[in-house]
Amino acid sequence: MEAAKYSAVETLRDGRPVEIRALRPDDQTDLLAAVERTSAKSRYRRFFGAKRYFSDKEIAFFVNVDFVDHVALVAVVEEGGRPTIVGGGRYVVVRPGQAELAFAVVDQYQGQSIGAALLRHLIAIARHAGLTELIADVLADNSAMLKVFEKCGLRINTRRQAGIVRVSLQLA
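What counts as what
- Residues numbered from 1 in each chain as written.
- Predicted model: local features only at pLDDT ≥ 70, side-chain atom pairs only at ≥ 80, totals over all residues.
- Heavy atoms only, no water.
- Helix = DSSP H or I, 4+ residues; strand = E, 2+ residues; numbered from the N terminus.
- Rg over C-alpha atoms; globule rule 2.2 N^0.38 Å.
- Buried < 20%, exposed > 50% of the residue type's maximum accessible area, 1.4 Å probe, protein only.
- Areas by Shrake-Rupley, 256 points an atom, 1.4 Å probe, with all protein chains shown as cover.
- Lys, Arg positive; Asp, Glu negative; His and termini not counted.
- Charge placed at Lys NZ, Arg CZ, Asp CG, Glu CD.
- Salt bridge = Lys/Arg side-chain N within 4 Å of Asp/Glu carboxyl O.
- Pairing = 2+ DSSP bridges.
- Axes fitted to C-alpha atoms, helices over the stretch in contact; angles between N-to-C directions.
- Contact = heavy atoms within 4.5 Å.

Caption draft 1: Representation of the overall build of the protein chain in the model. Counting its regular elements, the protein chain contains 5 helices and 8 strands. For the protein chain, the N- to C-terminal ordering of α and β elements is β-β-α-α-α-β-β-β-α-β-α-β-β. In terms of overall dimensions, the protein chain is globule-like: its C-alpha atoms have a radius of gyration of 15 Å, near the 16 Å expected for 172 residues. Across its three principal axes, the protein chain shows a C-alpha extent of roughly 40 × 35 × 35 Å. Each of the 172 residues in the protein chain was classed as buried or not, and the buried ones make up 46%. When the accessible surface of the protein chain is totalled, it reaches about 9300 Å², and 51% of it is carbon and sulfur. Of the charged side chains in the protein chain, 24 are positive and 20 negative, and the gap between their average positions amounts to 6 Å.

In structure tokens:
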């Protein structure tokens, strides 16, 4: 499994196909367009603060992934006759065997199982890479994302602290 060339097709809850694939360097414009379509509330849940724009350094971090220590997948649907990024998930290795997860899905596509699909594929890539644990910090009021983690089928540990839930998924 080569993460940089990863691609799979899933079906959304409404029956439409969605491609879950590796982020490519030429996705920058489409990725930023997806962020623009995401509500302030959803951006707050992803970045834990009001995020209206990204610096060039932040954009470079999000787009230039090495598929070893930083793996990023996007969810792409056909919209108006063209492929459109409607969500993304990534992990970044923070110490040997452990990586931190993050997700974002355009609001109108939330509730379509995109987060769950991204998580399933990231888990497969992480296992193939030899990782043993995926962690994520989730705002305590983000019940939809917490539910995605709870239903993923892995052993899960959670720790609450100051409005944030630290989720730990055991891959081994």
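Caption draft 2: Examining the pattern of salt bridges more closely. Under the definition given, this model contains 8 salt bridges. Taking the shortest distance from any N to any O, the salt bridge between R120 and E10 comes out at 2.6 Å. With R120 in helix α4 (residues 114–128) and E10 in strand β1 (residues 7–11), the pair connects residues that are 110 residues apart, well separated along the chain. D27 is the salt-bridge partner of R21, the closest N and O atoms lying 2.8 Å from each other. The two residues R21 and D27 agree in class, both being buried.

Caption draft 3: Summary view of unusual backbone geometry. Non-glycine residue S113 carries a positive phi angle of around 75°. On the basis of relative accessibility, which here comes to 28%, the residue S113 falls in the partly exposed class.

Caption draft 4: Highlighting the pairing of β1. Side chains A8 and E10 project from β1 onto a buried face, and the interleaved S7, V9 and T11 project onto a face without burial. Adjacent in sequence and paired antiparallel, β1 and strand β2 (residues 17–22) are bridged by 5 residues, among which G15 carries a positive phi angle near 95°.

Caption draft 5: The arrangement of the sheet that holds strand β5 (residues 98–105) in detail. If you trace the 8 strands from one edge of the open sheet to the other, you get β1-β2-β3-β4-β5-β6-β8-β7, paired in mixed fashion. Among the strands making up the open sheet, the edge pair consists of β1 and β7 (155–161). With strand direction ignored, the average angle separating the axes of adjacent strands in the sheet is 25°. Inspection of the sheet shows β1 paired to β2 by 5 bridges, in the antiparallel sense. In the strand pairing of β2, E10 is matched with V18. Helix α5 (residues 143–150) rests against β5, β6 (133–139), β7 and β8 (164–170) of the sheet, and its axis sits at about 160° to β6.

Nothing here speaks to function; it is all geometry.
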